[in-house]
Amino acid sequence: MKDCVKMASSTQFTKDLCTPAFTVDLDTVRRNSDAMLDRFLRLGVQLRPHMKTHKTIECADIMTRGSRRCIVVSTLAEASFYADGGYDDILYAYPVTSDKVQRCAELSEKLSLFHVLVDNSLALQELKARPLKQGKVWNVWLKLDCDNGRVGIPHSDPAALQLAKEISEAEGVELTGIYAHCGNTYGCKGEEQIKAIAQETTSSVLQFVEKLKAVGIQDVKSSIGSTPSCSHPVLDMAMLSEVHPGNYVFYDVQQMLIGSCRLEDIAVRVLTRIIGHYPHRNQLLVDCGWAALSHDGGGRLPTGYAIIDGHPDLKLVSMTQEHGRVEPISGKLDFSQFPLGSMLSLLPYHACATAMMHPVYIVHSKGKVVGTWKPTRGW
Ligand SMILES: Cc1ncc(COP(=O)(O)O)c(C=O)c1O
């Protein structure tokens, strides 16, 4: 028996796919990627795209315009996957702990450039305790928290400067750069608010680099970024060395609501079929549960857990693992418009979370299937 993934490679059109299916519109991916590359080329800043949203070689090739260099990853599984796939200059933007030092060392020794992230002295000691072979040094980025409130030392804390000094003075270690992720842009609504946070984060990082210079630490790179801030950069970002957004290649409903993109920039969908008519509760049943969409977003959209393409009057009200319940936002449903076996197309709230649910992505151009992408998984 053929499974859905095998069937996808012989299916010509997305409308004929076995569902649920995660589809990627290649033309939109290319447009989103080109727009970001060109934006930062104009600003004279290196784009180091993050791979966490899709975790595939094919999409990385588009995001790096085939250079296969200068990317960010969030797991060591991604780092190894890209290193084995011919990628180099990989920044592992996640705090290093002792369990991961050996794998990081092997990647540093194998690649011409592998970077790690540090925000505490213990991590630095762990790196020093595993000197790199072949005369290599650890490329360390200091993680600053510029009011995002997740990873990093607060940028204004004197301990941040102290740690930067420790890193730069450590044997076998180089302080390569300062990394700040402005995830607080996810609380914004509209370009003005996004730009205000982009400006604050940029200023904090650049001021920190000045403080380093004042104590004799020169040539340290600086990198900030998130999809909202890099979709609407401020001019001062031209003074940074790098930016590191990732989600923009797919975008999603969350990004549209923040103001990073338009509806037509969202490249991904979950295709689902109507598998049940239940007039007694005014609901349709679809074959997309949280195992195909994820629960991210918590159903807080006026249309529930997703936007149903072309049906602004419908709401995905709840999901179990493999089932979803759809009902009208108001009024009685006309079931004749939604035959059993017909398809609905869901725009995900958070593309990174939805993509994670799928072992294969169906890539299409104007509804014609042009390929499949297989992401890496695990940690
Ligand atoms: C450390 C780090 N850098 C970069 C990014 C990319 O940001 P975005 O997902 O907004 O594109 C993320 C996303 O979570 C991140 O955690």
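What counts, and where the lines are drawn
- Residues numbered from 1 in each chain as written.
- Predicted model: local features only at pLDDT ≥ 70, side-chain atom pairs only at ≥ 80, totals over all residues.
- Heavy atoms only, no water.
- Pairing = 2+ DSSP bridges.
- Helix = DSSP H or I, 4+ residues; strand = E, 2+ residues; numbered from the N terminus.
- Expected span 1.5 Å × (residues − 1).
- Buried < 20%, exposed > 50% of the residue type's maximum accessible area, 1.4 Å probe, protein only.
- Contact = heavy atoms within 4.5 Å.
- 1 Å grid on protein atoms, 1.4 Å probe; cavity = no way out; pocket = protein on both sides within 12 Å on 5 of 7 lines; lining within 4 Å.
- Points joined across faces, edges and corners; volume = space filled by probe spheres on them.
- Nonpolar A, V, L, I, M, F, W, Y, C, P; charged D, E, K, R; others polar.
- UniProt positions renumbered as here; feature names shortened; annotations may be inferred.
- Salt bridge = Lys/Arg side-chain N within 4 Å of Asp/Glu carboxyl O.
- Domains from an automatic or database assignment.
- Buried area = accessible area lost by both parts, 1.4 Å probe.
- Disulfide = S-S within 2.5 Å.

## A look at the pairing of strand β14 (residues 314-319)
Of the pairings in the sheet, the one linking β14 to strand β15 (residues 324-328) comprises 5 bridges and is antiparallel in character. Each residue of the ladder has a partner; that of L316, found in β15, is V326. The hairpin formed by β14 and β15 contains 4 residues between the paired strands.

## Here we look at helix α5 (residues 98-110)
With 13 residues, α5 should cover 18 Å at 1.5 Å per step; its first-to-last C-alpha distance of 19 Å lies within 8% of that length. Of the positions making up α5, those classed as buried are V101, C104, A105, L107, S108 and E109. Check the buried side of α5 and you find it contacts α4 (76-84), β4 (88-95), β5 (114-118), α6 (121-128) and β6 (138-145).

## Examining the layout of surface pockets
Roughly 740 Å³ of volume is contained in the largest pocket. Taken together, 33 residues form the lining of the largest pocket, with H50, K52, S74, R150 and H181 sitting closest to its centre. Counting residues per element, the ones that place at least two in the lining of the largest pocket are β4 and α12 (351-356). Of the residues forming the lining of the largest pocket, the biggest block, 3 residues, is contributed by β4. In terms of residue class, the lining of the largest pocket is made up of 12 nonpolar, 16 polar and 5 charged.

## Re the UniProt feature "domain: D-serine dehydratase-like" (unreviewed entry) in the protein
Those residues carrying the UniProt feature "domain: D-serine dehydratase-like" (unreviewed entry) are residues 267-365 in this numbering. Along residues 267-365, the helical share is 10% and the strand share 40%, with 11 Å between the first and last C-alpha atoms.

## Some thoughts on the pattern of salt bridges
Proximity of charged atoms lets side chains of opposite charge pair with each other. Counted under the stated rule, the structure contains 17 salt bridges. R269 is the salt-bridge partner of D309, the closest N and O atoms lying 3.0 Å from each other. Of this pair, D309 sits in the loop between β13 (306-308) and β14 while R269 sits in strand β11 (residues 268-278), and the two are 40 residues apart along the sequence.

## Quick word on the domain arrangement of the protein
Taken as a whole, the protein is organised into domain 1 (4-22 + 262-373) and domain 2 (50-245). Counting from both sides, the interface comprises 6 residues of domain 1 and, opposite them, 8 residues of domain 2. Of the roughly 580 Å² buried where domain 1 meets domain 2, counting both sides, 71% is carbon and sulfur surface. Of all residues in domain 1, the largest losses of buried area upon contact with domain 2 belong to C352, Y361 and W373, amounting jointly to 76% of the total for that side.

## What about the state of the cysteines?
By the definition in use, this model includes 0 disulfides. C70 provides the cysteine sulfur closest to C104, a residue in no disulfide bond, and the two sulfurs are 18 Å apart. This cysteine, C146, is not joined by any disulfide, and C182 carries the nearest cysteine sulfur, 8.5 Å off. A relative accessible area of 6% places C146 in the buried class.

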